Amino acid sequence: MTTEHAKHALPSYLNAEDLGPWGVYLQQIDRVTPHLGSLSRWVETLKRPKRILTVDVPIERDDGTIAHYEGYRVQHNMSRGPGKGGVRFHQDVTLSEVMALSAWMTVKNASVNVPYGGAKGGIRVDPKTLSRGELQRLTRRYTSEISLIIGPNKDIPAPDVNTNEQVMAWMMDSYAMIEGNLSTGVVTGKPISLGGSLGRREATGRGVFVVGREAAAKRGVAIAGARVAVQGFGNVGGVAATMFSDAGSKIIAVQDHTATVVHQGGLDVALLHKFVAETGGVANFPGAEQTLGRDAFWDIESDILIPAALEQQITAANAPRIRTKIILEGANGPTTPEADDILTDKDVLIVPDVLANAGGVTVSYFEWVQDFSSFFWTEDEINARLTRIMQEAFNAVWVVAQDKKVTLRTATFILACTRVLQAREVRGLYP
């Protein structure tokens, strides 16, 4: 066992030599522990998921063969309310990853003070290899396998990587068939016609923009004219790019799985969205000055950098090359602890994922509340409430960071973990 993790009581189902994303999360908990005071006696609670369900997901393929896929649902902590977190379909999904994502959801929900615990789910599959019928059968079978532990008062899934409104509709319908009654609040991120919320699709990207605007004000960076580089041009990066562009920023670089496109005068974001919808990626976008290789993205100088793709993108290997003032983590876990330290030493302000991308779960909370009451708000009301919550959360974290002279990530963990462990302490242990 490595020295780094020797102090942790690691479960037998993880590889102590390669803990993956869960190892990153444990390091973050170690950093916050000295700031928890008397609550630190409960900190081991945060290092152990409450419940882990691993399921076999068999489906019949279109050609008549039977295929089996690994599925997970992890409920990390539910001291403050029912579990909440997305479901991702990706060929590289692992238990370590889903555990870490569920734990970050615990912190994220507490950081914006919505009454949820953290959960996450996933299936180890490349959805591009499945037909629409196969994808529906996979989703429905997975839902049936995890139905024992989900529900509007237990654990509420939502879209994540490679899942969307349609997948949520299939999950909701499957749960309704199993339970014998329609419960629209079992998932969020649904189509509007099935109890979805206005503004939900844009919520994560909007939240990134709102906290980015707050961070820029603290750092003296004018949003109008700011040079912004975005990694990932999907639901988060694409929306954030649009909002920054609308506010007068120059989106100088965008990277997705196909290429890195650059225009120092600012890419036409609306045209780029249209181009990506037609071609499937940013590669060969005619409005770019140049197209670079994947790794060259990290050499582009900017005022604001938004990693909005997958985890562990900014590492000790590329962090020394990054030249920016503010990093807004649109993705979950995009920066390793080693890279965190390098960038902090370079005076880069990092707004952590557990705060920066919490807009999605905030509007998921709004959706859940609306489903319970069957009374729906206007998009303006939703956006105004989201903006207020994100601004208040950022400013609360900023005060902690200044008071304790710690990074925004550690400050967010201090605030969130204090809320979680206070709930744990006052509830006590049963029996």
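Residues numbered from 1 in each chain as written. Predicted model: local features only at pLDDT ≥ 70, side-chain atom pairs only at ≥ 80, totals over all residues. Heavy atoms only, no water.

- As named in an unreviewed UniProt entry, the protein chain is Glutamate dehydrogenase, taken from Duganella guangzhouensis.
- Entered under Sequence similarities (unreviewed entry) in the UniProt record, the comment concerning the protein chain runs "Belongs to the Glu/Leu/Phe/Val dehydrogenases family." (UniProt positions renumbered as here; feature names shortened; annotations may be inferred.)

**Considerations on the UniProt feature "binding site: substrate" (unreviewed entry) in the protein chain**
Here is step 1 of the chain: When the UniProt feature table is mapped onto this chain, "binding site: substrate" (unreviewed entry) is found at Lys84, Lys108 and Ser364. Despite a sequence span of 281 residues, these residues sit close together in the fold, their greatest C-alpha distance being 12.7 Å.
Here is step 2 of the chain: Along the chain, Lys84 turns up in strand E3 (residues 83–90).
Here is step 3 of the chain: Here Ser364 shows up in helix H11 (residues 359–373).
Here is step 4 of the chain: We classify Ser364 as buried; its relative accessible area is 1%.
Here is step 5 of the chain: Those residues in contact with Ser364 that lie beyond four places of it in its chain are Lys84, Tyr116, Ala158, Thr188 and Arg200.
Here is step 6 of the chain: Reaching out from Ser364, the side chain makes a polar contact with the side chain of Thr188 at a distance of 2.8 Å. (Helix = DSSP H or I, 4+ residues; strand = E, 2+ residues; numbered from the N terminus. Buried < 20%, exposed > 50% of the residue type's maximum accessible area, 1.4 Å probe, protein only. Contact = heavy atoms within 4.5 Å. Polar contact = N/O pair within 3.5 Å; in protein donor to acceptor, adjacent residues only side chain to side chain.)

**Section: the environment of Ala331**
Here is step 1 of the chain: With respect to the helices, strands and loops of the structure, Ala331 is situated in the loop between strand E11 (326–328) and helix H9 (337–345).
Here is step 2 of the chain: Taking the C-alpha atoms as reference, Ala331 lies 5.4 Å from Ala309; in sequence the two are 22 residues apart.
Here is step 3 of the chain: Those residues within four positions of Ala331 in sequence are excluded, and the remaining contacts are Pro307, Ala308, Ala309, Leu310, Asp353 and Asn357.

**Thoughts on the packing of aromatic side chains**
Here is step 1 of the chain: Counted according to the given criterion, the structure contains 11 aromatic pairs.
Here is step 2 of the chain: On the numbers, 5.8 Å between centres and 90 degrees between planes, the contact of Tyr116 with Tyr365 is edge-to-face. One end of the pair, Tyr116, is in the loop between helix H3 (95–111) and strand E4 (117–124); the other, Tyr365, is in helix H11, and 249 residues separate them in sequence.
Here is step 3 of the chain: When its relative accessible area of 1% is taken as the criterion, Tyr116 is described as buried.
Here is step 4 of the chain: A relative accessible area of 22% places Tyr365 in the partly exposed class.
Here is step 5 of the chain: Both rings, one in Tyr365 and one in Trp368, keep their centres 6.2 Å apart while their planes meet at 40 degrees; by these two values the pair is tilted. Of this pair, Tyr365 and Trp368 are both found in helix H11, three residues apart, which corresponds to roughly one turn of the helix.
Here is step 6 of the chain: For Trp368, a relative accessible area of 11% corresponds to the buried category.
Here is step 7 of the chain: An aromatic cluster is built from Tyr116, Tyr365, Phe366, Trp368, Phe372 and Trp377, whose rings are joined through pairwise contacts. (Phe/Tyr/Trp six-rings, centres within 6.5 Å; stacked < 30°, edge-to-face > 60°.)

**Things to note about unusual backbone geometry**
Here is step 1 of the chain: Note that the residue after Tyr430, namely Pro431, is joined by a cis bond; omega there is 0 degrees.
Here is step 2 of the chain: Residue position: Pro431 is located in the segment after helix H13 (408–427).
Here is step 3 of the chain: Here the phi dihedral of Asn284 falls at roughly 70 degrees; this positive angle occurs in a residue that is not glycine.
Here is step 4 of the chain: Along the chain, the position of Asn284 falls in the loop between helix H8 (269–279) and strand E9 (290–292).
Here is step 5 of the chain: Of note, Asp347 is a non-glycine position whose phi angle comes to about 65 degrees, a positive value.

**Notes on the nonpolar core**
Here is step 1 of the chain: Counting residues in each nonpolar core, the largest one holds 98 residues, and the members touching the most others are Tyr25, Phe244, Val254, Ile304, Ile306, Val351 and Phe413.
Here is step 2 of the chain: Both domains that meet at this core, namely domain 1 (47–183) and domain 2 (202–356), each give it at least three residues.
Here is step 3 of the chain: Residues in contact with Tyr25, not counting those within four places in the same chain, are Leu46, His76, Ala103, Trp104 and Phe413.
Here is step 4 of the chain: By size, the runner-up hydrophobic cluster in this structure holds 24 residues, among which are Ile59, Ala67, Tyr142 and Ile150. (Core = buried A, V, L, I, M, F, W, Y, C linked by side-chain atoms within 4.5 Å. Domains from an automatic or database assignment.)

**Examining the domain arrangement of the protein chain**
Here is step 1 of the chain: Domain assignment breaks the protein chain into domain 1 (47–183) and domain 2 (202–356).
Here is step 2 of the chain: Using only C-alpha atoms to locate each centre, domain 1 and domain 2 end up separated by 28 Å.
Here is step 3 of the chain: Contacts between the two partners involve 11 residues from domain 1, matched on the other side by seven residues from domain 2.
Here is step 4 of the chain: Of the roughly 740 Å² buried at the junction of domain 1 and domain 2 (both faces included), carbon and sulfur atoms supply 57%.
Here is step 5 of the chain: At the boundary of domain 1 with domain 2, the tally comes to one salt bridge.
Here is step 6 of the chain: One salt bridge connects Arg88 with Glu311, and the closest N-O pair in it is separated by 3.3 Å.
Here is step 7 of the chain: Our count for the domain 1 to domain 2 interface comes out at three residue pairs in polar contact (both at pLDDT 80 or more).
Here is step 8 of the chain: Where the side of domain 1 that touches domain 2 is concerned, the elements lending two or more residues are E3 and H3.
Here is step 9 of the chain: With six residues, the top contributor of residues to the side of domain 1 that touches domain 2 is H3. (Buried area = accessible area lost by both parts, 1.4 Å probe. Salt bridge = Lys/Arg side-chain N within 4 Å of Asp/Glu carboxyl O.)

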